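Chains, contacts and geometry: an overview
So the chains spell out like this:
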Amino acid sequence: MNKRSGRAVVRAGIVPAALILVALLGAGCAEMKQSHPLLPVAEYEKMIVGRLDADYVGTDNCVAKCHKHDKITSDFKRSVHGEQIKPETGLPLVNCESCHGPGSLAIANIEETKRLHGEKGDKCDVSTLLDLKKLPPQAQSLICLKCHSAASTPALAHWHSSTHALNDLSCFSCHQLHDGPQQKVSHDKMAELCYGCHPDVKAQFSLFSHHPVREKKMGCFDCHDPHGSSQPKLLKGSTQRDLCTRCHMEKSGPFVYEHGDVTETCTNCHVPHGSVNRRLLSAAMPFLCIQCHNPSHRSVMNGDASMKSLFSNRCTDCHSAVHGSDTPDNRGYGTLRK
């Protein structure tokens with residue numbers, strides 16, 4: 001830039017504006033570099049409630065003052081959360097206020113309310129507690145993660161990047177903590193819970209060939225990790241084949257004569273949830289096999305060699321060890337026969 005053009009820029013007011021911007025950014029960076037120590041979790045909960053004058057009073061005080069939820073209280077004491085209330089366990093203390101926030105204001109006027117309204121007024125002021133149902137899903141999950149981010153590692157290591165979290169599901173979408181002492185989803189209710197969002201999978205399990213989820217011999221969580229996974233489709237295991245061979249160990253190999261597609265992923269040939277074809281095959285034989293293999297076979301009749309196509313036979317009638325074999329055929333080519 002020459003002197004003349006530089007003076008024109010100054011007259012246009014561009015340089016002063018740039019200097020002001022630099023000064024503001026410098027002040028902002030200095031502010032950001034200052035130390036801002038984190039407050040205790042209790043103080044952040046008070047801010048979420050919106051009442052800084054609320055304080056913790058303990059579960060016993062809450063229940064004795066106003067709550068008539070005898071079953072909920074009993075279920076909580078028998079749950080995994082209730083067991084952690086005893087300090088001798090060495091585990092984090094968990095009580096009603098751990099999730100609902102400080103309850104001093106909720107029971108502050110309970111005696112006056114009972115005096116004015118009798119037994120009908122025997123209830124706390126829930127408006128001073130955390131309104132969990134109105135919190136966004138991410139905030140709902142944070143209520144749980146303040147304990148479980150450490151207590152449930154590595155089970156929740158992939159939660160924030162999981163399909164469920166990115167689609168606005170929270171811990172409360174699956175875990176109903178007041179339904180009983182069992183805090184986790186039971187094996188019997190597992191499939192129906194998942195079907196609420198995955199009706200297409202429910203239809204696949206109704207097909208002729210399917211994994212025994214409908215018969216309660218398996219559950220969705222046997223293959224999928226609902227809290228997140230490094231694999232696609234929330235699959236467990238280091239690879240898709242590693243997951244399948246946990247149950248189908250005879251298919252894991254290694255074999256002298258490997259079937260190339262099987263070494264990569266089982267879904268090259270199989271549908272995981274259900275199929276109209278036997279053995280969860282994605283297509284009927286021989287049409288499944290001829291997608292990769294030439295269907296023509298050489299035959300010798302009366303001394304003449306000819307080629308014929310087989311469309312009415314199953315390939316496994318001859319090639320029975322389709323996943324791999326250690327035994328070659330009688331010509332030494334290793335065509336996966338038993």
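Cut-offs used in this document
- Here the residue index of a chain counts from 1 through its sequence in written order.
- Whole-chain, interface and lining totals are the exception, using all residues; otherwise, since this is a predicted model, local features are given only for residues with pLDDT of at least 70 and side-chain atom pairs are given and counted only at 80 or more.
- Here the side-chain values reflect all heavy atoms present in the structure, with hydrogen atoms and water set aside.
- Here a strand is any run of E in DSSP of at least two residues, a helix any run of H or I of at least four, and the numbering for each starts at the N terminus.
- Only protein chains enter the accessibility calculation, which uses a 1.4 Å probe; a residue whose area is less than 20% of its type maximum is buried, one above 50% is exposed, and one in between is partly exposed.
- The contact rule is simple, with two residues in contact once any of their heavy atoms fall within 4.5 Å.
- Using a 1.4 Å probe, accessible areas were evaluated by the Shrake-Rupley method; residue-level cover was limited to the displayed protein chains.
- Here the arc refers to the directions that run from the helix axis out to each C-beta atom.
- N or O atoms closer than or at 3.5 Å make up a polar contact, with two conditions inside protein: a donor-capable atom paired with an acceptor-capable one, and, for residues adjacent in sequence, both atoms drawn from side chains.
- UniProt positions are given in the numbering used here, feature names are shortened, and annotations may be inferred rather than shown by experiment.
- For this analysis, a salt bridge means a side-chain nitrogen from Lys or Arg found within 4 Å of a carboxyl oxygen belonging to Asp or Glu.
- Between 30 and 60 degrees the pair is tilted, below 30 it is stacked and above 60 it is edge-to-face, where a pair is any two Phe, Tyr or Trp rings, Trp via its six-membered ring, whose centres lie within 6.5 Å.
- Note on scores: pLDDT gives the predictor's confidence for each residue, bounded by 0 and 100.
- Any two cysteine sulfur atoms lying within 2.5 Å of each other are counted as a disulfide.

1. Some words on the overall build of the protein chain
Check the secondary structure of the protein chain and you find 13 helices and six strands. Counting every position in the protein chain, which comprises 338 residues, the buried fraction comes to 28%. For the protein chain, restricting intrachain contacts to residue pairs at least 6 apart in sequence, the fraction spanning at least 24 positions comes to 52%. A total of about 22900 Å² of accessible surface is found on the protein chain, and carbon and sulfur atoms cover 59% of it.

2. Digging into helix α11 (residues 187–195)
Where α11 is concerned, the buried positions are Met190, Ala191, Cys194 and Tyr195. All buried residues of α11 lie within an arc of 120° about the axis, which places them on one face of the element. Among the exposed residues of α11, those oriented more than 90 degrees off its buried face are Asp188 and Lys189. Taken together, the buried residues of α11 touch α12 (199–204).

3. Quick word on the environment of leucine 169
Structurally, leucine 169 can be placed in the loop between α10 (163–166) and α11. Taking the C-alpha atoms as reference points, leucine 169 and glutamine 140, separated by 29 residues in sequence, lie 9.3 Å from one another. Contact partners of leucine 169, with chain neighbours within four places excluded, come to Pro137, Ser141, Trp159 and His164.

4. Digging into helix α5 (residues 70–77)
Taken as a whole, α5 has its buried residues at Thr73, Asp75 and Phe76. An end-on view of α5 places all buried positions within 165° of arc, on one side of the element. Turned more than 90 degrees from where α5 packs its buried face, Asp70, Lys71 and Lys77 sit exposed.

5. Details of the side chain of glutamate 97
Within the secondary structure, glutamate 97 sits in helix α7 (residues 96–100). Within polar-contact distance, the side chain of glutamate 97 engages the backbone nitrogen of valine 57 at 3.0 Å.

6. Some details on the environment of isoleucine 72
Along the chain, the position of isoleucine 72 falls in helix α5. Relative accessible area serves as the criterion here: at 30%, isoleucine 72 is assigned to the partly exposed category. Sequence separation of isoleucine 72 and leucine 177 is 105 residues, and the distance between their C-alpha atoms is 9.1 Å.

7. Some words on the UniProt feature "domain: Doubled CXXCH motif" (unreviewed entry) in the protein chain
The UniProt feature table records "domain: Doubled CXXCH motif" (unreviewed entry) at residues 168–202, 210–252 and 259–295. Between the first and last C-alpha atoms of residues 168–202 the distance is 22 Å; the span itself is 37% helix and 0% strand.

8. A look at the pattern of salt bridges
Per the stated rule, a full pass over the model turns up five salt bridges. A salt bridge links lysine 134 to aspartate 131, with the shortest nitrogen-to-oxygen separation between them at 3.9 Å. Assessed through its relative accessible area of 72%, lysine 134 is described here as exposed. Notably, a salt bridge pairs glutamate 250 with lysine 251, separated by 2.5 Å at the nearest N-O pair.

9. Digging into unusual backbone geometry
For the bond running from methionine 285 to proline 286, omega is 5°, close enough to zero to count as cis. Note that proline 286 resides in the loop between β3 (274–275) and β4 (296–301). The residue lysine 216 is not glycine, and still its phi comes out positive at about 70°. Considering the arrangement of structural elements, one finds lysine 216 in the loop between β1 (209–210) and α13 (240–244). Phi at lysine 233 takes a positive value of approximately 60°, unusual for a residue other than glycine.

10. So, the environment of aspartate 60
Checked against the element boundaries, aspartate 60 lands in helix α4 (residues 59–65). For aspartate 60, a relative accessible area of 63% puts it in the exposed group. The sequence separation of aspartate 60 and asparagine 95 amounts to 35 residues, and the corresponding C-alpha distance is 9.4 Å.

11. Focus: the packing of aromatic side chains
Taken as a whole, this structure holds one aromatic pair when the rule is applied. Taken together, a centroid distance of 6.5 Å and an interplanar angle of 50° make the contact between tyrosine 195 and phenylalanine 205 tilted. Highlighted residues: tyrosine 195 in helix α11 and phenylalanine 205 in the loop between α12 and β1, separated in sequence by 10 residues. A relative accessible area of 11% places tyrosine 195 in the buried class. For phenylalanine 205, a relative accessible area of 5% gives the class buried.

12. A closer look at the confidence of the model for the protein chain
When the pLDDT values of the protein chain are averaged, the result is 77; 69% of them are 70 or greater. Low pLDDT (under 50) marks residues 5–15, which in the prediction has six contacts with non-local residues, meaning those over four places away or in another chain.

13. Some details on the side chain of serine 98
By secondary structure assignment, the location of serine 98 is in helix α7. Here the side chain of serine 98 touches asparagine 95 through a polar contact of 3.0 Å, landing on its backbone nitrogen.

14. As for the state of the cysteines
One pass over the structure, following the stated rule, counts zero disulfides. Its sulfur unpaired, cysteine 99 is 6.0 Å from the next cysteine sulfur, which belongs to cysteine 144. Just so you know, cysteine 247 is unpaired, no disulfide at all, and the nearest cysteine sulfur is the one on cysteine 223, 6.8 Å from it.

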